[in-house]
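# Geometric and topological summary
Listed below are the residues making up each chain.
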Amino acid sequence: MAPVSDVRHVLVLPDREAAEEVAQALGERFGVDEEPRLVRDALAGEDDAEDAQWLVVLRDEGERLDPGELDEFAAEWDGWREEP
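First things first, this report covers the structure right here in the doc. From a predicted model like this one, the values you see are computed outputs, not experimental measurements. Every chain begins its residue count from 1, and numbering advances along the sequence as written. Side-chain atom pairs in this predicted model are given and counted only at pLDDT of 80 or more, local residue features only at pLDDT of at least 70, and totals for whole chains, interfaces and linings cover all residues. Only heavy atoms go into the side-chain values, all of them from the structure, while hydrogens and water stay out.

Here the focus is the overall build of the chain. The way it works is that DSSP assigns letters per residue, a run of H or I at least four long becomes a helix, a run of E at least two long becomes a strand, and they are numbered from the N terminus. Within the chain, the secondary structure is distributed over 2 helices and 4 strands. Written out in order from the N terminus, the α and β elements of the chain read β-α-β-β-α-β. Burial classification: accessible surface area is computed with a 1.4 Å probe over protein chains only, and a residue below 20% of its type maximum counts as buried, one above 50% as exposed, and the rest as partly exposed. For the chain, the proportion of its 84 residues judged to be buried stands at 32%. Look at the contacts in the chain between residues 6 or more apart in sequence, and 65% of them connect residues 24 or more apart. Any two residues whose heavy atoms approach within 4.5 Å at even a single point are treated as in contact.

A few words on helix α2 (residues 67-75). An α-helical turn contains 3.6 residues, so a residue and the one three or four places further along point in the same direction. Within the sequence span of α2, burial applies to L70, F73 and A74. One side of α2 holds all its buried residues, which, seen down the axis, span an arc of 95°. The elements touched by buried residues of α2 are β1 (8-13), α1 (16-30), β3 (53-59) and β4 (80-82). Polar contact is defined as a pair of N or O atoms within 3.5 Å, subject to the rule that within protein one atom must be able to donate a hydrogen and the other to accept it, and that residues adjacent in sequence are counted only when both atoms are side-chain atoms. Backbone nitrogen of G68 and a side-chain oxygen of the N-cap are separated by 3.1 Å at the start of α2; the cap is D66. The directions from the helix axis to the C-beta atoms form the arc being described.

This brings us to the sheet that holds β3. Following DSSP output, two strands are said to pair if at least two bridges run between them. Within the open sheet, the 4 strands sit side by side as β2-β3-β1-β4. Their pairing is antiparallel. Each edge of the open sheet is held by one strand with a lone partner, namely β2 (37-41) and β4. Across this sheet, the average inter-strand angle for adjacent strands is 30°, counted without regard to direction. Pairing analysis gives 5 bridges linking β2 to β3, with the strands arranged antiparallel. The partner of L38 across the bridge, within β3, is V56. For helices, the fitted axis covers only the stretch in contact; all axes are lines through C-alpha atoms, and the angles between them, taken along N-to-C directions, range from 0 to 180 degrees.

Below, the discussion takes up the packing of aromatic side chains. Where two aromatic rings form a pair, the distance of their centres and the angle of their planes describe that pair. What counts as a ring pair is set by centres within 6.5 Å for rings of Phe, Tyr and Trp (its six-membered ring), and what kind of pair is set by the plane angle: stacked under 30 degrees, edge-to-face over 60, tilted for all other angles. Following the criterion strictly, the structure yields 2 aromatic pairs and no others. Both rings, one in F30 and one in F73, keep their centres 5.3 Å apart while their planes meet at 90°; by these two values the pair is edge-to-face. Of this pair, F30 sits in helix α1 while F73 sits in helix α2, placing them 43 residues apart in sequence. Overall, F30 belongs to the buried group, its relative accessible area being 13%.

And the structure:
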């Protein structure tokens, strides 16, 4: 039995609305079946929600998603793909 890859892509978005839109659009654009996780990432010591970034965490065991395409996709919402 071959080992299963645990590849994850993390897209960083400026706000919750953008993260929710990206999570929904991933299925339409890339055919992603599993719903991505949304995570609020506040800077240390920052309580203001406006200072938080939102992360969209997407599993890609088959390593079929192109990192460059994901980066361009996130950029449509003023975001980016975090390098591992």
